[in-house]
Amino acid sequence: MFNGGMATTSAEIELPDVEPAAFLALLRFLYSDEVHIGPETVMTTLYTAKKYAVPALESHCVKFLTKHLKADNAFMLLTQARLFDEPQLASLCMDTIDKSTGNAINAEGFKDIDLDTLCAVLERDTLSIRENRLFGAVVRWAEAECYRQQLPLTSENKQKVLGKALPLIRFPLMTVEEFAAGPAQSGILFDREVVNLFLHFTVNPKPRVEYIDRPRCCLRGEECSINRFQQVESRWGYSGASDRIRFNVNRRISIVGFGLYGSIHGPAVHEVNIQIIHNDKRITLGQNDTWFRCDGTATTFRVMFKEPVEILPDVSYTACATFKGARTYYGTKGLKEVTQETAIGTKTRFTFRSMAHGQIPEIIYLSKNPNQN
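Procedures and definitions
Residues numbered from 1 in each chain as written. Predicted model: local features only at pLDDT ≥ 70, side-chain atom pairs only at ≥ 80, totals over all residues. Heavy atoms only, no water. Pairing = 2+ DSSP bridges. Helix = DSSP H or I, 4+ residues; strand = E, 2+ residues; numbered from the N terminus. Axes fitted to C-alpha atoms, helices over the stretch in contact; angles between N-to-C directions. Core = buried A, V, L, I, M, F, W, Y, C linked by side-chain atoms within 4.5 Å. Buried < 20%, exposed > 50% of the residue type's maximum accessible area, 1.4 Å probe, protein only. Contact = heavy atoms within 4.5 Å. Expected span 1.5 Å × (residues − 1). Phe/Tyr/Trp six-rings, centres within 6.5 Å; stacked < 30°, edge-to-face > 60°. Parallel < 35°, antiparallel > 145°, perpendicular 65-115°, else oblique. Nonpolar A, V, L, I, M, F, W, Y, C, P; charged D, E, K, R; others polar.

The strand order across the open sheet built from 6 strands is 6-5-8-3-11-10, with neighbouring strands paired in antiparallel fashion. Only two strands of the sheet have a single partner each, and these edge strands are strand 6 (283–294) and strand 10 (337–341). Across this sheet, the average inter-strand angle for adjacent strands is 25 degrees, counted without regard to direction. Relative to strand 11 (residues 347–352), strand 10 runs antiparallel, the two sharing 5 bridges. From the neighbouring strand, Thr-339 faces strand 11, where its bridge partner is Arg-349.

A separate point is the nonpolar core. Judged by nonpolar contacts, the single largest core of 55 residues is most densely connected at Phe-75, Leu-118, Leu-162 and Phe-171. Considering each element in turn, this core owes the most residues, 8 residues, to helix 8 (residues 131–148). Not counting residues up to four positions away in its chain, the partners in contact with Leu-162 are Leu-115, Leu-118, Val-138, Trp-141, Ala-142 and Ile-188.

Between its first and last C-alpha, helix 8 extends 25 Å over 18 residues, near the 26 Å set by a 1.5 Å rise per residue. Those residues of helix 8 that sit buried are Glu-131, Leu-134, Phe-135, Ala-137, Val-138, Val-139, Trp-141, Ala-142, Ala-144, Glu-145 and Cys-146. Buried residues along helix 8 sit in contact with helix 6 (101–106), helix 7 (115–122), helix 9 (155–162) and helix 11 (183–186). Positive phi appears at Gln-150, one or two residues downstream of helix 8, with a value of about 55 degrees.

A few words now on the pairing of strand 6. As paired strands, strand 5 (residues 268–278) and strand 6 are joined by 11 bridges and run antiparallel to one another. Opposite His-270, over in strand 6, you have Phe-292 as the bridge partner.

This part takes up the packing of aromatic side chains. Any pair of aromatic rings gets described here by the distance separating the centres and the angle formed by the planes. According to the stated counting rule, one finds 16 aromatic pairs in the structure shown. Taking 5.0 Å as the distance between ring centres and 70 degrees as the angle between the ring planes, the aromatic pair formed by Phe-75 and Phe-110 counts as edge-to-face. Here Phe-110 lies in the loop between helix 6 and helix 7 and Phe-75 lies in helix 4 (residues 74–83), a separation of 35 residues in the sequence. This pair shows no difference in class: Phe-75 is buried, exactly as Phe-110 is. Relative to Tyr-211, the ring of Phe-171 has its centre 4.8 Å away and its plane inclined at 85 degrees; by these criteria the two rings are edge-to-face.

Geometry of a packed helix pair, given as the angle between the helix axes and the separation of the axes. Where helix 7 meets helix 8, the closest approach of the two axes is 12 Å, and the angle between their N-to-C directions is 175 degrees. In terms of axis orientation, helix 7 runs roughly antiparallel to helix 8. Each of Leu-115, Leu-118 and Leu-122 in helix 7 lies in contact with helix 8, whose residues at this interface are Leu-134, Val-138 and Trp-141. Its residues placed into classes, the contact of helix 7 with helix 8 shows 6 nonpolar, no polar and no charged.

Right, dumping it as structure tokens:
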């Protein structure tokens, strides 16, 4: 700009794409080696450092962003990292999204990402969230994208803007109840796709579907369940009180749901709130307000958490279920200890400290290989 045959002859030089504060930060760094960046100026300073090829200042900006990276700004920073071609920062953003997917997708920055970034996230096997919640977030993104493209908010337009992202939702990983309550009623899937997925959930052999059925790694592992009762009886009533059982395990697992008894009066629908509580910290680690349909038999019915709940060895937890609805079957002759061995020889031991009779007969969990992260 200042030397050679193409040097400017103007007394003033305009930099229309550079913020004054960012350019001042650049000048300070060049002349004094001082770094003056903050949350409001770091992105514009990073852009300016790249524009004028000052890698040392660029490195300071990336370190600042990395230090302040959190779940609620991970998607915003991921967009910027991809825009500025910062693979290290992008990788750290992805790691944060993997570990706190639920919090990350609830942040405003998620709705502002571009389609390619959305696809890059949906392709990951490492997201820690159940697929129905991920679908809900993707629908919110589609609504925001329709607004950006000034399209009417119709199911057809949501499907249009999602494009190549829609096949990356792993619908087969949902329960039939989750699918029925969300995607099946969204209008985003074609009718034939809805029918095929319902058949996939309910019949054997399962028809082929076009969607990925490989579990994401947070949901990987051998699914197991333990039953703590030796006998089933009828007429367990509810008056607003919760069924609670205290337990601990001998190894790290992830609880994904409970098996619960249903109505003694024939087919019915039960509303239920399920929880896992950390007894020492007195905090709720996972819960779900949901429902399940039973057929009137004394079998158990799966009721799932929104996301897996990590359970650590030798820590005291409480499993809790609060019912609404008709009287149900219940279990008796509860075991104080149940050990389950997986196909790879891993043994998980549950120790129960209360409720020798009642509800929550089964705990459904994922047993991971000891060498698996």
